[in-house]
Amino acid sequence: MNIDQFLSEIATAWPVSRWTAVGVVVGCSGGADSVALLRGLCELRKQELERLERVESVPPSPGFIVAAHYNHALRGRDADADEALVRELAERLGIECVVETRSTQKGELSSDEESLRNERLAFLKRHAERLGARYVAVGHTANDNVETVLHHLFRGSGPAGLAGIAPHRSLGKDVVLIRPMLSIQRSDLRGVLESIGQSWREDLSNRCTDYRRNWIRHKLLPRILEAFPNAESAMARATESQRDWRDLVHQFAADWLDENVRLDHAIEVKVDRTTRSAIVIAAMQRLWKTQNWPLRDMTMLHWKRLYRTISGQSDKRYQLPGRIEVVCSLEYVSLRSKLHPILPLDV
Ligand SMILES: Nc1ncnc2c1ncn2[C@@H]1O[C@H](COP(=O)(O)OP(=O)(O)OP(=O)(O)O)[C@@H](O)[C@H]1O
């Protein structure tokens, strides 16, 4: 892949005219993927502004790109070198760089993958809101997508998990998280960076912090590719169709939620003996999101159990992860969190 093909892949996934006139915060770790993303977006923006200048006399664009780096402060000098690379790159590209260093006071925060990811996302969202940016762009690649799907598969995830990494999703009211490099292979990105003489930092933490993800990346996938050389693009196609199915089910689920769920002292879900489990489960997952209940702790077994309850096949009182209490009556199933107040139902 050469640089033009690379830029065109990004522009196909995320048409340039959509974002050059608004603010974009680019999450940049200093690793190859996000360095390539930052370089790619800055180049596309520059080309678009030059094009506009040629065809018409346009007022200066109100849009901007800001590089944002979250220093996890976990790997001492390595973490500082990541930060330095992002700062230098932003300076060279003539864009603002925001950096935040994680507080490392003992016992204050946990350092598992999920907590770090959540903190990072909260940081990116916070700065996008502060700067009035419309988008947060991150550098997930085609390989990340395949690895995520396999990981979900082995954990027994439902259809939503097998739909892979979403190309975009809302991060609250005014900010959209976008992943414009999901069609690009990691190795191609590195080739492009080498061809333009752009260095990056090897993310050593990637190798060790998430053992199972890295086992999939370094051990399993190479074996799969020996037997199925096109497995990665085949899986990407499969997840794309899976996404269509998921979107369809989500539409039904939203309607089902409107008709069958009401808020009272608890969340009251009507017992429904006819609707298929896929729709009821998707509706419950949507409900969990609206309430900020811990989705990740819910396995398919929990969702199935809840579905059996809602479809009138069990009437026991029990608790789900995150201390969600389930109580059944003849016509309604009440759900109540022991930790959170009830929130409105719109996502
Ligand atoms: N320290 C960081 N500061 C800012 N942005 C980051 C940082 N680390 C990662 N990102 C952004 O997130 C993208 C994905 O990184 P990575 O694969 O490590 O992340 P993740 O969000 O944990 O996702 P995954 O679900 O694949 O584990 C990067 O390409 C980059 O855009």
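Calculation criteria
Throughout, a residue's number is its position along its own chain's written sequence, starting from 1. Given that the model is predicted, a residue must reach a pLDDT of at least 70 before its local features are reported, and side-chain atom pairs must reach 80 or more before they are shown or counted; all residues, however, enter totals for whole chains, interfaces and linings. In computing side-chain values, all of the structure's heavy atoms are included and hydrogens and water are not. Helix and strand assignments come from DSSP, with helices taken as H or I runs of at least 4 residues and strands as E runs of at least 2, each series counted from the N terminus. As a reference, a globule follows 2.2 Å times the number of residues to the power 0.38, and the radius of gyration itself is taken over C-alpha atoms. Burial status follows relative accessibility: with a 1.4 Å probe on protein chains alone, a residue under 20% of its type maximum counts as buried, one over 50% as exposed, and anything between as partly exposed. Residue contacts are counted whenever heavy atoms from the two residues lie within 4.5 Å of one another. Areas reported here follow the Shrake-Rupley algorithm with a probe of radius 1.4 Å; residue values treat only the protein chains shown as occluding. Positive charges are assigned to Lys and Arg, negative charges to Asp and Glu, while His and the chain termini are left out of the count. Where a charge lies is defined by one atom per residue type: Lys uses NZ, Arg uses CZ, Asp uses CG and Glu uses CD. Take the residue count of a helix, subtract one, and multiply by 1.5 Å to get its expected span. UniProt positions are given in the numbering used here, feature names are shortened, and annotations may be inferred rather than shown by experiment. In protein, a polar contact requires one atom able to donate a hydrogen and another able to accept it; more generally it is a pair of N or O atoms within 3.5 Å, and residues adjacent in sequence count only if both atoms are side-chain atoms. At least two bridges found by DSSP between two strands is the condition for calling them paired. The convention used is that axes are lines fitted to C-alpha atoms, helices contributing only their stretch in contact, and that angles between N-to-C directions extend from 0 to 180 degrees. Here, the term nonpolar core denotes a set of buried Ala, Val, Leu, Ile, Met, Phe, Trp, Tyr and Cys residues that are joined through side-chain atoms within 4.5 Å. The cutoff for a nearby residue is simple: one of its non-hydrogen atoms must lie within 4 Å of the molecule or strand. In this count, Pro and Cys sit with the nonpolar residues alongside Ala, Val, Leu, Ile, Met, Phe, Trp and Tyr, while Asp, Glu, Lys and Arg are called charged and the others, Gly among them, polar. Note on aromatic pairs: the rings of Phe, Tyr and Trp (six-membered ring only in Trp) are paired at centre separations within 6.5 Å, and the planes decide the class, stacked below 30 degrees, edge-to-face beyond 60, tilted for the rest. A ring is scored as having a charge over it whenever the NZ atom of a lysine or the CZ atom of an arginine sits within 6 Å of its centre and within 35 degrees of its normal.

## Structural notes on the overall build of the protein chain
Line of reasoning, step 1. When helices and strands are counted, the protein chain shows 13 helices and 11 strands.
Line of reasoning, step 2. Radius of gyration (C-alpha) of the protein chain: 22 Å, near the 20 Å computed for a compact globule of 347 residues.
Line of reasoning, step 3. For the protein chain, the spread of C-alpha atoms along the three principal axes comes to 70 × 50 × 45 Å.
Line of reasoning, step 4. Across the 347 residues in the protein chain, those meeting the buried criterion constitute 43%.
Line of reasoning, step 5. Sequence separation of at least 24 residues holds for 70% of the intrachain contacts in the protein chain that already meet a minimum separation of 6.
Line of reasoning, step 6. When the accessible area of the protein chain is evaluated, it comes to approximately 18,900 Å², of which 50% is carbon and sulfur surface.
Line of reasoning, step 7. Averaged over its 49 positive side-chain charges, the protein chain has a centre that lies 5 Å from the centre of its 46 negative ones.

## Remarks on helix H4 (residues 77-93)
Line of reasoning, step 1. Relative to the 24 Å expected for 17 residues at 1.5 Å per residue, H4 spans 24 Å between its end C-alpha atoms, a close match to the ideal helical length.
Line of reasoning, step 2. Remark: Gly94 follows H4 within two positions and exhibits a positive phi of approximately 70 degrees.

## Digging into unusual backbone geometry
Line of reasoning, step 1. In this structure, Asn292 takes a positive phi of about 60 degrees despite not being glycine.
Line of reasoning, step 2. At Arg323, a residue that is not glycine, the phi angle is positive and equals roughly 55 degrees.
Line of reasoning, step 3. Within the secondary structure, Arg323 sits in the loop between strand E9 (318-320) and strand E10 (324-328).

## What to know about the UniProt feature "binding site: ATP" (unreviewed entry) in the protein chain
Line of reasoning, step 1. Under the UniProt annotation, "binding site: ATP" (unreviewed entry) lies at Ser29, Gly30, Gly31, Ala32, Asp33 and Ser34.
Line of reasoning, step 2. Along the polypeptide, Ser29 turns up in the loop between strand E1 (23-27) and helix H3 (32-55).
Line of reasoning, step 3. Excluding residues within four positions of it along the chain, Ser29 makes contact with Ser34, His69, Asp82 and Val86.
Line of reasoning, step 4. In terms of polar contacts, Ser29 uses its side chain to reach the backbone amide nitrogen of Gly31, at 3.1 Å.
Line of reasoning, step 5. By secondary structure assignment, the location of Gly31 is in the loop between E1 and H3.

## Describing the sheet that holds strand E2 (residues 64-71)
Line of reasoning, step 1. Read from one edge of the open sheet, 6 strands run E3-E2-E1-E4-E6-E5, paired in mixed fashion. Two strands in the sheet have a free side with no partner beyond their single neighbour: strand E3 (96-101) and strand E5 (168-170). The mean inter-strand angle of the sheet, taken between neighbouring strand axes irrespective of direction, is 25 degrees.
Line of reasoning, step 2. Strand contacts of H4: E2 and E3, with the helix running at about 170 degrees to E2, the strand carrying the most contacts.
Line of reasoning, step 3. With respect to the sheet, helix H5 (residues 113-131) is in contact with E1, E2, E3, strand E4 (135-137), E5 and strand E6 (176-178), its orientation differing from that of E3 by roughly 140 degrees.

## Focus: the nonpolar core
Line of reasoning, step 1. With 34 residues, the main nonpolar core has Phe6, Trp19, Val24, Leu38, Leu41 and Ile65 as its most contacted residues.
Line of reasoning, step 2. A total of 8 residues in this core trace back to one element, the largest contributor, which is H3.
Line of reasoning, step 3. Among all residues touching Phe6, those that are not within four sequence positions of it are Met1, Ala36, Gly40, Met181, Ile184, Leu189 and Val192.
Line of reasoning, step 4. Counting 27 residues, the second largest nonpolar core, distinct from the first, contains Ala253, Leu287, Tyr318 and Val333.

## Some details on the site of the ligand
Line of reasoning, step 1. Not every one of the 14 residues close to the ligand is listed here, only the nearest: Gly27, Tyr70, Arg117, Arg120 and Gly139.
Line of reasoning, step 2. The separation between a nitrogen atom of the ligand and a polar main-chain atom of Tyr70 is 2.8 Å.
Line of reasoning, step 3. For the ligand, an oxygen atom lies 2.7 Å from a polar atom in the side chain of Arg120.
Line of reasoning, step 4. Sorting the residues of the shell around the ligand by element identifies E2 and H5 as the ones contributing at least two each.
Line of reasoning, step 5. If you tally residues by element for the shell around the ligand, the top one is E2, at 3 residues.
Line of reasoning, step 6. Taken together, the residues of the shell around the ligand sort by class into 4 nonpolar, 7 polar and 3 charged.

## Considering the packing of aromatic side chains
How two aromatic rings sit relative to each other is given by the distance of their centres and the angle of their planes.
Line of reasoning, step 1. If you walk through the whole model with that rule in mind, you get 5 aromatic pairs.
Line of reasoning, step 2. On the basis of an interplanar angle of 90 degrees and a centroid distance of 4.8 Å, the ring pair of Trp288 and Trp293 is categorised as edge-to-face. Like Trp293, Trp288 is buried.
Line of reasoning, step 3. These aromatic residues form a ring-pair network of at least three members: Trp14, Trp19 and Tyr135.
Line of reasoning, step 4. Taking NZ or CZ as reference, Arg262 lies 4.3 Å from the ring centre of Tyr332, over its face.

## As for the sheet that holds strand E11 (residues 332-337)
Line of reasoning, step 1. Spatial strand order, E7-E8-E11-E10-E9: 5 strands in an open sheet with antiparallel pairing. Of all the strands in the sheet, the pair left with one neighbour each is strand E7 (261-263) and E9. On average, adjacent strands in this sheet sit at an angle of 25 degrees to one another, irrespective of strand direction.
Line of reasoning, step 2. In this structure, E7 lies alongside strand E8 (residues 267-270), joined through 3 bridges in antiparallel fashion. Its bridge partner being in E8, Val261 is matched across the sheet by Val269.
Line of reasoning, step 3. Contacts from helix H13 (residues 300-310) reach E8, E9, E10 and E11, with the element oriented near 140 degrees to E9.

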